[in-house]
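Residues per chain, in single letters:
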Amino acid sequence: FYATVANCDEEEEEEEQRSPETLLDGTPVFRTDSVDPNQIIGPLGIFAERWVPVENTFDYMIQFENLEEAAAPAQYVEITTILDENLNVATFELGDFNFGDLNFVVPANRFSYSTRLTDRLSEGYYVDFAAEFNPATRVVTWTLEAIDPQTGDRISDPAAGFLPPNVSAPDG
């Protein structure tokens, strides 16, 4: 799963030196890894201060996985982050997201978005996706939940889910 956060007037703080990577459009980015293989990838900036042009749009990518050691596929995933206090909240908007090999376009200028991913019906479930930014608290939350098409509730089979253990990357 990849979600892009677009239009952020923010300068990331450097935690440690890392080799730059690039987004699909060629923008240099740095990788910040957490202990639970999730990460946020964003603008690299230049010089020791990592300056970024204020007129640019800054795309951030959030990646997460279900650990190879996990006992079951994930049925519910929630990702929450708090945006920096220096961010001009009026410039924030949600961006497009990917789920497996599928790409989904989020309409422009959105603080919230939700949809049901019905393409997973062949697996026996839908996936509900929701994203929301609260400008007052600066909290952004994304959720994904596997839904039983018969009941409309979260799937009850503990062996079923939309994000399998990542035994064969990038499956999970």
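Rules used in this analysis
Residue indices follow the written sequence of each chain, beginning from 1 at its first position. Totals for whole chains, interfaces and linings use all residues, but because this is a predicted model, local features are given only for residues with pLDDT of at least 70 and pairs of side-chain atoms are given and counted only at 80 or more. Calculated side-chain values reflect all of the structure's heavy atoms, with hydrogen atoms and water omitted. The buried label applies to any residue whose accessible area, calculated with a 1.4 Å probe on protein chains only, is under 20% of its type's maximum; exposed applies above 50%, and partly exposed to all values in between. Helix numbers and strand numbers start at the N terminus; a helix is a DSSP run of H or I with at least 4 residues, a strand a run of E with at least 2. Strand pairing is assigned whenever DSSP detects at least two bridges linking the two strands. Each nonpolar core is a collection of buried residues, namely Ala, Val, Leu, Ile, Met, Phe, Trp, Tyr and Cys, held together in the definition by side-chain atoms within 4.5 Å. pLDDT expresses how confident the predictor is about each individual residue, on a scale running from 0 to 100. Residue contacts are defined here by distance: any two heavy atoms, one from each residue, within 4.5 Å place the two residues in contact. Lines are fitted to the C-alpha atoms to define the axes, a helix being fitted only along its stretch in contact, and any angle between axes, read from their N-to-C directions, falls within 0 to 180 degrees. Stacked, edge-to-face and tilted labels apply to pairs of Phe, Tyr and Trp rings (six-membered ring for Trp) whose centres lie within 6.5 Å, assigned for plane angles under 30 degrees, over 60, and everything in between, in that order.

Asker: An account of the pairing of strand β4 (residues 39–43) is requested, with residue identities and associated values reported.
Answerer: Taking burial as the measure, the five residues of β4 include four buried ones, the bulk of the element. Note that β4 and strand β5 (residues 60–63) share three bridges and pair antiparallel. Considered in β5, the bridge of Gln-39 is made with Gln-63.

Asker: I'd like a rundown of the nonpolar core, residues and numbers included.
Answerer: Across soluble globular proteins, nonpolar side chains show a tendency to be buried alongside one another. Residues Val-77, Leu-94, Phe-97, Phe-129, Val-140, Trp-142 and Phe-162 are the most contacted members of the largest nonpolar core, which totals 27 residues. Going through the elements one at a time, β6 (76–82), β7 (93–99), β9 (112–117), β10 (126–134) and β11 (139–147) are the ones with two or more residues in this core.

Asker: Please set out the confidence of the model for the protein residue by residue, giving values where relevant.
Answerer: When the pLDDT values of the protein are averaged, the result is 75; 72% of them are 70 or greater. Across the protein, β10 holds the top mean pLDDT of 93, while strand β1 (residues 2–6) sits lowest at 41. Predicted confidence for residues 1–19 stays below pLDDT 50, and this span has 80 contacts to residues more than four positions away or in other chains. The model gives residues 30–36 a pLDDT under 50, and that stretch makes 20 contacts with residues more than four places away or in other chains.

Asker: I'd love a proper account of the sheet that holds β6, names of residues and values included.
Answerer: On the basis of which strands lie adjacent, the open sheet formed by four strands has the order β6-β11-β10-β9 and antiparallel pairing. The sheet terminates laterally at β6 and β9, the two strands that pair on one side only. Sheet twist, expressed as the mean angle between neighbouring strand axes with direction ignored, is 5°. Pairing between β9 and β10: six bridges, direction antiparallel. Along β10, the bridge assignment pairs Ser-114 with Ala-130.

Asker: Requested: an account of the packing of aromatic side chains, with residues and values cited.
Answerer: Following the criterion strictly, the structure yields six aromatic pairs and no others. Members of the aromatic cluster, each reached through a chain of ring pairs, are Phe-97, Phe-104, Tyr-113 and Phe-129.

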